[in-house]
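Residue-level structural notes
Here is how the chains run, residue by residue.
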Amino acid sequence: HRAFLTQYTGTGCGYCPAMIKILRELFADKAVKAKTVHAAVHSYNSADPAYISAPKVNSYPYLTVDQTQAFSHAQSVTVLKSLVEASTASSAKAGISVNPKYYAEDGVLVVTVCVKAAADGLFNVGAWLLEDGIYGMQEDYVGIKDSSYDTHENCVRVADSKFKGTWFGHSLGSLKAGETATKTFVMNVKKSWKVENLHLAVFSSYGEQDGSKLVYTVCNAVDAP
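So, here's what we can say about the structure. Numbering of residues starts from 1 in every chain and runs along the sequence as written. Only residues with pLDDT of 70 or above have their local features reported here, since the model is predicted, and side-chain atom pairs are shown and tallied only from 80 upward, although totals for entire chains, interfaces and linings are computed over all residues. The side-chain numbers reported here are obtained from all heavy atoms of the structure, hydrogens and water having been left aside.

**Observations regarding the overall build of the chain**
Runs of H or I in DSSP of at least four residues are treated as helices and runs of E of at least two as strands, each being numbered from the N terminus. When you go through the chain residue by residue, the secondary structure sums to 3 helices and 14 strands. Its C-alpha atoms give the chain a radius of gyration of 17 Å, near enough to 17 Å, the size a compact globule of 225 residues would have. When the backbone C-alpha atoms are referred to their principal axes, the chain occupies close to 50 × 45 × 35 Å. Taking all 225 residues of the chain together, 47% fall into the buried category. Areas reported here follow the Shrake-Rupley algorithm with a probe of radius 1.4 Å; residue values treat only the protein chains shown as occluding. On the chain, roughly 10900 Å² of surface is accessible, and the fraction owed to carbon and sulfur atoms is 50%. Here the chain contributes 21 positively and 21 negatively charged side chains, and the mean placements of these two sets differ by 3 Å. Here the globule rule is a power law, 2.2 Å times the number of residues to the power 0.38, and the radius of gyration is based on C-alpha atoms. A simple rule labels every residue: compare its accessible area, found with a 1.4 Å probe on the protein chains alone, to the largest value its type can have, and call it buried under 20%, exposed over 50%, or partly exposed in between. Asp and Glu are treated as the negative residues and Lys and Arg as the positive ones, with His and the ends of the chain left uncounted. To locate a charge, take atom NZ for lysine, CZ for arginine, CG for aspartate or CD for glutamate.

Structure below.
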């Protein structure tokens with residue numbers, strides 16, 4: 001069971017280095033890092049070399065755990081670690097397998113994902129294509145002054161999880177424990193992206209009723225080559 005960390009950021013965001021610093025401190029703990037999948041959504045400024053259009057957030061930097069629990073850069077890495085631990089303390093409600101095939105001549109990536117339910121309920125699935133090692137000068141209002149912050153990891157290039165206006169994933173419908181569902185994603189890979197630096201973040205979310213509202217929370221995620 002891995003927690004899914006979605007970081008909303010951008011090279012023009014002067015306070016974003018504070019969040020990057022917290023994430024680096026978090027991932028320095030290898031045991032905690034092994035329990036997470038991280039995706040950086042560079043949606044702050046369109047001049048960002050990793051820019052992607054994304055749903056609006058209230059402020060930058062912004063981070064969610066499992067797409068529901070919000071975390072602020074004003075909080076400590078200890079708080080973020082506790083959110084990860086709380087997320088992963090229970091067994092995963094779904095298992096995920098990923099089978100990617102890249103057709104270089106066409107610049108097309110075909111990703112077949114299978115989700116196996118470990119509990120009865122409603123499930124969604126999403127697949128994001130990430131790229132590492134993207135260089136872009138990072139604005140810095142917090143005085144970290146570290147040139148390594150100009151190289152950005154886990155940048156979202158394709159986010160294939162839009163369903164009814166949200167990023168919570170495409171519906172797999174209702175599954176019984178032990179049942180599986182499969183979805184195929186087709187992604188166009190731009191020539192400017194470095195294929196050797198690409199990898200996939202694939203997640204499943206689980207729907208639960210909260211009063212009259214159906215709320216989806218990521219219940220597991222994997223990082224696949």
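So, next bit.
**Some thoughts on the nonpolar core**
In this structure, Val113, Phe123, Leu129, Met187, Leu200 and Val202 are the most contacted members of the largest nonpolar core, which totals 26 residues. Those elements that provide at least two residues to this core are β5 (94-103), β6 (108-117), β7 (121-131), β11 (170-175), β12 (180-188), β13 (198-210) and β14 (213-224). Here the element with the most residues in this core is β6; it accounts for 5 residues. For Val202, the contacting residues outside a window of four places in its chain are Ile96, Val98, Val113, Val125, Gly126, Ala127, Asn220, Ala221 and Val222. We define a nonpolar core as any set of buried Ala, Val, Leu, Ile, Met, Phe, Trp, Tyr and Cys residues linked to one another through side-chain atoms lying within 4.5 Å. With 16 residues, the next largest nonpolar core counts Val57, Trp128, Val156 and Val218 among its residues. Contacts are assigned to residue pairs with any non-hydrogen atoms lying within 4.5 Å of each other.

**Regarding the environment of Thr182**
Among the structural elements, Thr182 can be located in strand β12. The class for Thr182 is exposed, based on a relative accessible area of 51%. Taking the C-alpha atoms as reference points, Thr182 and Lys116, 66 residues apart in sequence, are found 8.9 Å from one another. With near-sequence residues (within four places) excluded, Thr182 lies in contact with Thr112, Val113 and Cys114.

**Describing the sheet that holds β12**
With respect to topology, 3 strands assemble into an open sheet ordered β5-β6-β12, the strand pairing being antiparallel. A single partner strand is all that each edge strand has here, and the edge strands are β5 and β12. Going from strand to strand, the sheet's axes swing by 15° on average, the running direction of each strand aside. Two strands qualify as a pair provided DSSP detects at least 2 bridges between them. Relative to β12, β6 runs antiparallel, the two being bridged by 9 bridges. Paired with Val108 across the bridge in β12 is Asn188. Geometry is summarised by axes, namely lines fitted to C-alpha atoms with helices restricted to the contacting stretch, and by angles between N-to-C directions that run from 0 to 180 degrees.

**Quick notes on the layout of surface pockets**
By volume, the largest pocket amounts to about 420 Å³. Grid spacing is 1 Å over the protein atoms alone, the probe is 1.4 Å, and a cavity is where that probe fits but cannot get out, while a pocket is an open set with protein on both sides within 12 Å along at least five of seven lines and lining residues have an atom within 4 Å of a point. Contributing to the lining of the largest pocket are 19 residues, with Leu23, Phe27, His38, Glu153 and Asn154 lying nearest its centre. Broken down by secondary-structure element, the contributors of at least two residues to the lining of the largest pocket are β1 (3-9), α1 (16-27), β2 (36-42) and β9 (151-152). Ranked by the residues each element gives to the lining of the largest pocket, the list is headed by β2, at 5 residues. Grid points are joined across faces, edges and corners, and a volume is the space filled by probe spheres set on the points.

**Here we look at α1**
For α1, spanning 12 residues, the distance from its first C-alpha to its last is 17 Å, which sits close to the expected 16 Å at 1.5 Å a residue. Counted residue by residue, α1 has 9 buried out of 12 residues, so it is predominantly covered. Residues of α1 that are buried include every one of Cys16, Pro17, Ala18, Met19, Ile20, Ile22, Leu23, Leu26 and Phe27, and no others. Close packing links the buried residues of α1 with β1, α2 (30-33), β2, β3 (62-65), β4 (69-71) and α3 (77-88). A helix is expected to span 1.5 Å for every residue after the first.

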